[in-house]
Amino acid sequence: KMLGASPTPADINTVQGVYPLKPDLDGGHVAGGSEGVGRVVEVGDDVPDQRLAVGDVVVPVRSNLGTWAQELVCGARDVQKVPGDGDGIPLDQLATLPVCLSTAYRLLEDFVDLREGDVVIQNGAGSAVGQAVIQ
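Before going into details, it helps to say that this report is about the structure given with it. All figures in this text were calculated on a predicted structure; none of them were measured in a lab.

Considerations on the overall build of the chain
For the chain, the helix and strand inventory stands at 4 helices and 4 strands. Listed N to C, the secondary structure of the chain is β-α-β-β-β-α-α-α in terms of helices and strands. On the principal axes, the C-alpha backbone points of the chain span a range of 50 × 35 × 25 Å. A total of 135 residues make up the chain; the buried ones form 27% of that total. Put simply, the chain has 9 plus and 19 minus side-chain charges, and the middle of one group is 2 Å from the middle of the other.

Quick look at the structure:
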């Protein structure tokens, strides 16, 4: 069950048909969305006990999963359990964790060697990624 979803520019590009990763329309869903937060309501018999359990809070780890739907069926490896069920993190922030917050983190950690005293100039600070970079 989806608890919240955050539309991203990649989602809009997907709807427009210009995003490089195309949704699997044969997979039984037509809802857009790559980012969001949900709660597990049912676990298949083939899912190892320690992987997921009913009630777990999860975020998607696969693009075009269909997070704009109210409910979705996916593989256990398509989602990641949120430790401590989010420990009081607001749903709107958890919903941006898979794409926006991860992108901001990777930009600051993987592509530049920032040191104390360095300055970061953020263009497009109104976007979720931009806000995360500033924070």
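This is not the end of the story, as more comes after the structure.
Re the pairing of strand S2 (residues 36-39)
In this sheet, S2 lies alongside strand S1 (residues 2-5) in antiparallel orientation, the contact comprising 3 bridges. Bridge assignment links methionine 2 to a residue of S2, and that residue is glycine 38. Where S2 meets strand S3 (residues 57-60), 2 bridges bridge the pair, whose relative direction is antiparallel. When the bridges of S3 are listed, arginine 39 appears paired with valine 57.

Describing the sheet that holds S1
The 4 strands lie next to each other as S1-S2-S3-S4, forming an open sheet whose pairing is antiparallel. With partners counted over all chains shown, the strands left at the sheet margins are S1 and strand S4 (79-81), one partner each. Strand after strand, the sheet turns through a mean of 25° between neighbouring axes, direction not considered.

Digging into the nonpolar core
Counting residues in each nonpolar core, the largest one holds 7 residues, listed as Val40, Val47, Leu52, Val58, Leu65, Ala76 and Val79. One finds Val57, Val82, Leu94 and Ala95 within the second-largest nonpolar core, a separate group that totals 6 residues.

Digging into the pattern of salt bridges
Using the criterion set out here, one finds 4 salt bridges in the structure. We note a salt bridge from aspartate 56 to lysine 81, for which the minimum N-O separation is 3.7 Å. Residue aspartate 56 is located in the loop between S2 and S3, and its partner lysine 81 is located in strand S4; the two are separated by 25 residues in the primary sequence. Here aspartate 56 falls in the buried class, since its relative accessible area comes to 8%. Note on lysine 81: relative accessible area 37%, which makes it partly exposed. Two residues, aspartate 78 and arginine 62, come together in a salt bridge whose shortest N-O distance is 3.1 Å. Highlighted residues: aspartate 78 in the loop between S3 and S4 and arginine 62 in the loop between S3 and S4, separated in sequence by 16 residues. The class for aspartate 78 is buried, based on a relative accessible area of 16%.

Side note on unusual backbone geometry
Residues apart from glycine generally show negative phi values, whereas peptide bonds are mostly found in trans. A positive phi is found at asparagine 64, a non-glycine position, where the angle reads about 55°. Inspection of the secondary structure puts asparagine 64 in the loop between S3 and S4.

As for the state of the cysteines
A covalent bond between the sulfur atoms of two cysteines is referred to as a disulfide. Enumeration according to the criterion identifies 0 disulfides in this entry. The cysteine cysteine 74 is free of any disulfide, with cysteine 100 supplying the nearest cysteine sulfur at 20 Å. Classification of cysteine 100 as buried rests on a relative accessible area of 6%.

Here is what the cut-offs are and how they apply
Residues numbered from 1 in each chain as written. Predicted model: local features only at pLDDT ≥ 70, side-chain atom pairs only at ≥ 80, totals over all residues. Heavy atoms only, no water. Helix = DSSP H or I, 4+ residues; strand = E, 2+ residues; numbered from the N terminus. Buried < 20%, exposed > 50% of the residue type's maximum accessible area, 1.4 Å probe, protein only. Lys, Arg positive; Asp, Glu negative; His and termini not counted. Charge placed at Lys NZ, Arg CZ, Asp CG, Glu CD. Pairing = 2+ DSSP bridges. Axes fitted to C-alpha atoms, helices over the stretch in contact; angles between N-to-C directions. Core = buried A, V, L, I, M, F, W, Y, C linked by side-chain atoms within 4.5 Å. Salt bridge = Lys/Arg side-chain N within 4 Å of Asp/Glu carboxyl O. Disulfide = S-S within 2.5 Å.

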